[in-house]
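Listed below are the residues making up each chain.
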Amino acid sequence: MAPIPENQQQALVSRLMKACGGAYTPETRRKYFISGPQWAAAYQGQALFHAPTRPAIGFEEIIRRYADIGIGYWATHDTDVIPTEILGTEGQWEIVSRIRKALSDHGVHCSMVTTETFYHAVWAAGPAAESPGVREYAKLRVRNTVDIGHELGASFAVYWPGSLGYFVQGAIDETSSLRWYADAINAACDRDVDVAARKNRPTLKHCLEAKPFEPQAEILLPTTDAMLAFISSGLLTRPEMVGVNPEYLHELMWGAAPRAALARALLAGKLFHFDINDGYRLKHDVDIGVGLVNPLDWLNVLVLLRSHGYNGPFNLDYKPPRTTSQFGVFEVSFPTAVDRFITLWEMAGEVLSDPIVKEATDALKVGGPKAPTHDAAAVTAANYELLTLHELIAHRLVQILLGLHRGRVFSIPSGT
Ligand code: XLS
Ligand code: MG
Ligand code: MG
């Protein structure tokens with residue numbers, strides 16, 4: 001192959017994207033509760049060891065491009081769109097009204113707003129620092145996000161505490177920090193009740209998001225389970241308004257089974273919102289597009305959510321890789337992430353109605369003949385052969401994932 005001239009590279013990418021096939025229409029994509037975060041599309045590829053690889057891009061263009069793709073919902077941090085210096089002042093409302101216009105021009109809804117409590121130097125000691133001044137500022141910021149959320153028509157507020165933790169142990173008292181963090185969440189919920197009543201809107205669903213490490217060395221609320229414990233700790237004044245926003249990769253990062261973590265949140269009635277992406281166990285927060293690393297696990301996650309009627313947002317909290325150009329972000333990264341999600345979601349529906357999975361699952365649940373309860377050997381024998389169905393079900397799931405259940409086979413030439 002001859003070198004590809006620079007001015008022909010985009011055309012090559014587009015041609016190969018088309019050749020991949022299987023893309024859903026924007027109208028189909030809009031039927032799903034999929035949200036595109038401002039920060040995901042605006043991510044320039046920078047990190048501690050990485051210079052940016054893409055130019056800056058603002059919310060007007062991102063909302064327009066999401067709309068073209070068929071991503072019907074948009075989410076943002078306060079500081080993704082409003083400079084820190086004018087947050088909480090009159091000056092922010094001019095930007096908020098430009099956002100409203102961009103959303104309505106393109107038929108996109110704001111689903112979620114979130115407060116950045118990790119980037120600015122004010123959060124160096126965390127959002128629940130010892131200094132009362134920092135903590136008052138944190139309250140101002142989360143209350144202000146509630147105001148902005150109502151103004152933009154959002155239904156969810158997410159809190160990833162970010163720097164709630166420490167680098168060196170012993171300086172902070174964890175119990176105080178957690179109490180102070182609860183004060184901020186309480187301030188947001190109180191404000192929400194007032195604003196919702198004034199605007200005649202429902203209150204927001206407040207969702208806590210955990211991450212086991214980054215950006216602190218030690219994190220005080222590292223897992224979704226820790227968040228659930230925090231919600232029921234008695235520190236929150238309105239725990240019924242607060243649930244969780246698990247992020248798939250954040251659970252994988254500490255070695256959890258994301259599906260089991262989601263199941264625990266479902267049982268607690270607290271699975272409000274879900275950040276979808278992919279990555280590797282026990283590694284840092286690589287935020288890869290959904291389904292690119294663990295498609296089988298993703299299929300299983302969606303089977304669980306479908307069978308339990310989860311109807312909250314699926315938020316594309318991933319980062320287009322540094323190797324993807326600005327053109328590629330909207331031409332390849334977002335449409336393919338959305339389409340992989342839709343495919344896996346529909347495939348999960350196929351799993352739930354698959355006659356083999358169903359009969360095997362039902363058989364396991366009904367079990368073998370009744371045996372004397374006190375007799376372990378008899379109870380074992382009564383169910384012994386049925387247990388092979390565990391592996392059979394797993395095989396069937398792989399068949400469905402790979403399309404083998406629809407007759408896809410490989411003919412292996414004899415003699416090789
Ligand atoms: C960072 C988090 C962040 C939250 C929102 O790791 O995933 O993007 O989802 O602040
Ligand atoms: Mg997230
Ligand atoms: Mg992440």
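Residues numbered from 1 in each chain as written. Chains lettered and ligands numbered in written order. Predicted model: local features only at pLDDT ≥ 70, side-chain atom pairs only at ≥ 80, totals over all residues. Heavy atoms only, no water.

Caption draft 1: Structural detail: the packing of aromatic side chains. One pass over the full model with this rule turns up 16 aromatic pairs. Here a set of aromatic residues connected by ring pairs shows up, and it is made of Tyr-248, Phe-274, Trp-298, Tyr-310, Phe-314, Phe-341 and Trp-345. Against the face of Tyr-43 rests Lys-319, its NZ or CZ located 5.6 Å from the ring centre. (Phe/Tyr/Trp six-rings, centres within 6.5 Å; stacked < 30°, edge-to-face > 60°. Lys NZ or Arg CZ within 6 Å of the ring centre and 35° of its normal.)

Caption draft 2: Expanded view of the sheet that holds strand β2 (residues 73–77). Ordered by their spatial adjacency, eight strands build an open sheet running β8-β6-β4-β3-β2-β1-β10-β9, and the pairing between neighbours is parallel. Looking at strand neighbours, the two that pair on one side only are β8 (242–244) and β9 (274–275), the edges of this open sheet. Across three bridges, strand β3 (residues 109–114) lies against strand β4 (residues 156–159) in parallel orientation. Paired with Thr-114 across the bridge in β4 is Val-158. (Pairing = 2+ DSSP bridges. Helix = DSSP H or I, 4+ residues; strand = E, 2+ residues; numbered from the N terminus.)

Caption draft 3: Summary view of the site of ligand 1. Around ligand 1, a shell composed of Trp-39, His-77, Phe-118, Trp-160, Glu-209, Lys-211, Glu-247, His-250, Asp-275, Asp-285 and Asp-317 is seen. In this structure, Lys-211 approaches ligand 1 through a side-chain N or O atom, which is 2.8 Å from an oxygen atom. For ligand 1, an oxygen atom lies 2.8 Å from a polar atom in the side chain of Asp-317. Protein burial of ligand 1: of its 290 Å² of free accessible surface, 95% is covered by the chains. (Near = heavy atom within 4 Å. Polar contact = N/O pair within 3.5 Å; in protein donor to acceptor, adjacent residues only side chain to side chain. Areas by Shrake-Rupley, 256 points an atom, 1.4 Å probe, with all protein chains shown as cover.)

Caption draft 4: Structural view of the coordination of the magnesium ion (ligand 3). Surrounding the magnesium ion (ligand 3) are the protein donor atoms Glu-247 (OE), His-250 (NE2), Asp-285 (OD), Asp-285 (OD) and Asp-287 (OD), at 2.0 to 2.6 Å. Coordination of the magnesium ion (ligand 3) draws on donor residues from a single chain, spaced E-x2-H-x34-D-x1-D in sequence. Separation of the magnesium ion (ligand 3) from the magnesium ion (ligand 2) amounts to 4.8 Å, with Glu-247 serving as a shared donor to the pair. In this pair, His-250 is assigned in helix α10 (residues 248–253) and Asp-285 in the loop between β9 and α12 (295–307), connecting sequence segments 35 residues apart. For the pair shown, His-250 and Asp-285 are each scored as buried. (Donors = N, O, S within 2.8 Å, 3.2 Å for Na, K, Ca; no water. Buried < 20%, exposed > 50% of the residue type's maximum accessible area, 1.4 Å probe, protein only.)

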